[in-house]
Each structure stands twice: as C-alpha cells, then as structure tokens.
Amino acid sequence: MRSRYSAYVLQLPDYLLGSWHPDTRPESLSLDEPAGQRTRWLGLTVHEHITTGPDHAQVRFTARYRIGGGSAVKMQEHSRFVRVDGRWFYLDALP
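The rules behind each value
Residues numbered from 1 in each chain as written. Predicted model: local features only at pLDDT ≥ 70, side-chain atom pairs only at ≥ 80, totals over all residues. Heavy atoms only, no water. Helix = DSSP H or I, 4+ residues; strand = E, 2+ residues; numbered from the N terminus. Buried < 20%, exposed > 50% of the residue type's maximum accessible area, 1.4 Å probe, protein only. Areas by Shrake-Rupley, 256 points an atom, 1.4 Å probe, with all protein chains shown as cover. Lys, Arg positive; Asp, Glu negative; His and termini not counted. Charge placed at Lys NZ, Arg CZ, Asp CG, Glu CD. Salt bridge = Lys/Arg side-chain N within 4 Å of Asp/Glu carboxyl O.

Explain the overall build of the protein chain here, please?
Scanning the protein chain from N- to C-terminus turns up two helices and four strands. Scanning the protein chain from its N terminus toward the C terminus, one meets helices and strands in the order α-α-β-β-β-β. Reported as C-alpha extents along the three principal axes, the dimensions of the protein chain are approximately 45 × 30 × 20 Å. Burial analysis of the protein chain (95 residues in total) assigns 26% to the buried set. Here the protein chain displays about 6300 Å² of accessible surface, and carbon together with sulfur accounts for 49% of that area. Both charge centroids of the protein chain, one from 12 positive and one from 10 negative side chains, sit 11 Å from each other.

Put into structure tokens, the structure is as follows:
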C-alpha cells in the first residue's frame, strides 16, 4: 500500500499499473494534471491491515492531498490485495 501511495506522489503510472492485478487493471493510467491543478500529496495513514487468507489481505487507509491552492481532501479506502507468485497486487476497493 505504501509503495502505491509513493508511486502516486512520484507520478509513476507504470509502477501503479504493474502493481495492479491484471483482472481489474485499467488499460492505461494518466497522472497528467491541468496547469495550476497540481496534486500535492500530504500524507498517508494506514488504519488497519487484515490478513484474510494466505494470499489475500485488506488495507483500510486515508490519503490526504490538495489540488492547486484548494482545501485539503481526505480520501478513505478499504482496499483488497492478492499475492500471486510471491508478489502482492492491488485488486480493488470495497464499497
């Protein structure tokens, strides 16, 4: 989870796509931002990590960011991850 957050901060779409499970991964991912609308990432808090099986886990987190000069935003997600051949992949977010 932390590595994916860091990839958003560093704008590394190839890493994000590579760490996304093939069954749910989009074909492409653009992190391009309009002029003056730069996203500034402010922090990540991992609230909970749950192992749901030998190769399945869930992470509940809050990421904070600001777009341009706007107010800070909190994005909360409960994500599912799956391990394939020893490597963890982001699967999806629970509703």
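Text resumes after the structure shown.
Looking at this structure, how should I read the pattern of salt bridges?
It is possible for side chains of opposite charge to pair when their charged atoms get near one another. The full count for this structure, using the stated rule, is three salt bridges. The salt bridge involving arginine 60 is made with glutamate 48; its shortest N-O contact spans 3.3 Å. Placement of arginine 60 in strand 2 (residues 56-67) and of glutamate 48 in strand 1 (residues 39-53) is noted, with a sequence separation of twelve residues between them. Put simply, aspartate 92 and arginine 80 hold a salt bridge, and the shortest N to O gap is 2.7 Å. Within this pair, whereas aspartate 92 is found in strand 4 (residues 87-93), its partner arginine 80 is found in strand 3 (residues 72-84), the two being separated by twelve residues in sequence. What makes aspartate 92 partly exposed here is its relative accessible area of 22%. The partly exposed category is assigned to arginine 80, whose relative accessible area is 30%.

So what exactly am I meant to see when it comes to the environment of tryptophan 20 here?
With respect to the helices, strands and loops of the structure, tryptophan 20 is situated in the loop between helix 2 (13-18) and strand 1. Tryptophan 20 sits in the buried class, given a relative accessible area of 13%. Along the backbone, tryptophan 20 and valine 82 are 62 residues apart, and their C-alpha atoms lie at a distance of 9.6 Å.

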